[in-house]
Amino acid sequence: MHSFFRLLLAFVAAWPVARASAADLVLYYEERPPLMSRQGDQLTGLQGAPGMAVVQRAGLSVELREAPVARQVAQIARNAEPACALGLYRTAEREKLGKYSRLPVYSSPPQSLMIRKDGRLKDVHRFAAAVQSPCVTLALRLGYSYGAETDKALAEGGAKIIRSSDHSMARVRLVLLGVADATLFTEEEGEALIKQLGDAGAALELRRLPDAPPGEGRYFFCSKGVPDRQLKAIDDAIGASR
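First things first, this report covers the structure right here in the doc. All of these numbers come straight from a predicted model, not from anything done at the bench.

### Looking at the packing of aromatic side chains
Enumeration according to the criterion identifies three aromatic pairs in this entry. Plain terms: the ring middles of Y100 and Y219 are 5.9 Å apart, the flat faces sit at 75 degrees to each other, and that makes the pair edge-to-face. Residue Y100 is located in strand β6 (residues 99-100), and its partner Y219 is located in strand β13 (residues 217-222); the two are separated by 119 residues in the primary sequence. Here Y219 falls in the buried class, since its relative accessible area comes to 13%. Ring centres 4.8 Å apart and planes at 40 degrees place the aromatic pair Y100 and F221 in the tilted group. Highlighted residues: Y100 in strand β6 and F221 in strand β13, separated in sequence by 121 residues. Exposure remark for F221: the relative accessible area of 0% places this residue in the buried category. Site record: aromatic cluster; members linked through ring pairs are Y100, Y219 and F221. One Lys or Arg, R90, reaches over the ring of Y219 and ends 4.3 Å from the middle of that ring. The ring of Y89 is capped by R218, whose NZ or CZ atom sits 4.2 Å from the centre of that ring.

### Thoughts on the sheet that holds strand β8 (residues 111-116)
Strand order across the open sheet formed by five strands is β10-β9-β11-β8-β12, with mixed pairing between neighbours. The outermost strands of the open sheet, each flanked by one partner alone, are β10 (160-164) and β12 (204-207). On average, each strand axis in the sheet is tilted by 35 degrees relative to the strand beside it, whichever way the strands run. Bridge count between β8 and strand β11 (residues 182-186): five bridges; the pairing is antiparallel. For S112, the partnering residue across the bridge sits in β11 and is F185. Strands in contact with helix α7 (residues 168-176) are β8, β9 (137-141), β10, β11 and β12; relative to β11, the strand with the most contacts, it is inclined by about 140 degrees. Of the strands in this sheet, β8, β11 and β12 touch helix α8 (residues 187-196), which is tilted by about 120 degrees from β11.

### A look at the packing of α7 against α8
Direction vectors running N to C along α7 and α8 enclose 70 degrees, while the axes themselves pass 11 Å from each other. As far as their axial angle goes, α8 and α7 are roughly perpendicular. Only E189, L193 and Q196 of α8 make contact with α7, whose side of the interface consists of S168, M169 and V172. Residues of the contact of α7 with α8, tallied by class, amount to three nonpolar, two polar and one charged.

### Comments concerning unusual backbone geometry
Geometrically, the link from P33 to P34 is a cis peptide bond, its omega value of 5 degrees lying close to zero. Here P34 is to be found in the loop between β1 (25-29) and β2 (37-39).

### Regarding the pattern of salt bridges
Applying the stated criterion across every chain yields a total of 15 salt bridges. A salt bridge links E81 to R65; the shortest N-O distance between them is 2.7 Å. Remark: R65 occurs in strand β4 (residues 62-66) and E81 occurs in the loop between α3 (69-78) and β5 (83-88); sequence separation between them is 16 residues. Residue classification places E81 among the buried positions, given a relative accessible area of 19%. For R65, a relative accessible area of 9% gives the class buried. We note a salt bridge from R208 to E191, for which the minimum N-O separation is 2.5 Å. Of this pair, R208 sits in the loop between β12 and β13 while E191 sits in helix α8, and the two are 17 residues apart along the sequence. By relative accessible area, which is 34% here, E191 ends up partly exposed. One salt-bridge network, held together by shared partners, links E30, R32, R141 and E189.

Conventions adopted
Residues numbered from 1 in each chain as written. Predicted model: local features only at pLDDT ≥ 70, side-chain atom pairs only at ≥ 80, totals over all residues. Heavy atoms only, no water. Phe/Tyr/Trp six-rings, centres within 6.5 Å; stacked < 30°, edge-to-face > 60°. Helix = DSSP H or I, 4+ residues; strand = E, 2+ residues; numbered from the N terminus. Buried < 20%, exposed > 50% of the residue type's maximum accessible area, 1.4 Å probe, protein only. Lys NZ or Arg CZ within 6 Å of the ring centre and 35° of its normal. Pairing = 2+ DSSP bridges. Axes fitted to C-alpha atoms, helices over the stretch in contact; angles between N-to-C directions. Contact = heavy atoms within 4.5 Å. Parallel < 35°, antiparallel > 145°, perpendicular 65-115°, else oblique. Nonpolar A, V, L, I, M, F, W, Y, C, P; charged D, E, K, R; others polar. Salt bridge = Lys/Arg side-chain N within 4 Å of Asp/Glu carboxyl O.

Structure, rendered in structure tokens:
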């Protein structure tokens, strides 16, 4: 009889169950140094550290889960559990899928243009000239927002756009190999990616353009199931840090 119960317990323990978090929130992040990196049960980086400080100040426990931004947005839209994505731009489309913190946790600088120094855009110093030319090919990320104003400029421009779901470095290599004329990164991320390439990075330039759309805030983007009191606690914590 005892053997039967031991076998039964072992069978039940092995049965697959739906994944659920015992924390107040699932907090989605993406490994993108220097913006965000995980160290143990903490996030570090320009966006990760202040984001983590906010949830701790708000008194919320979180389960960290890594995922690409497109998957984060899809999970938030499913509303299967209380969850937030850290560091997302505010867009009208996402407003329909979830809810944002009222205040940004981080303010990004404008997008810069990463080009080959000897490439088609070597003499281009205006954002409008780069995105409006049908002769230019831009490598951009699939399912990603570069900020509402930048997204609008890209959609209205005449440049050819190829979109990839790969990691940031994959788009850098498309430029390095001449497959694309340029890609977009904020200054802090772009400089870090060029540095990672070592000697090969000497062929690239991160060009800051005076007419680029202004930088925008990055917010907590949460599922509709996140209680308003928790979102208010997040906003209060952001406000207290200023």
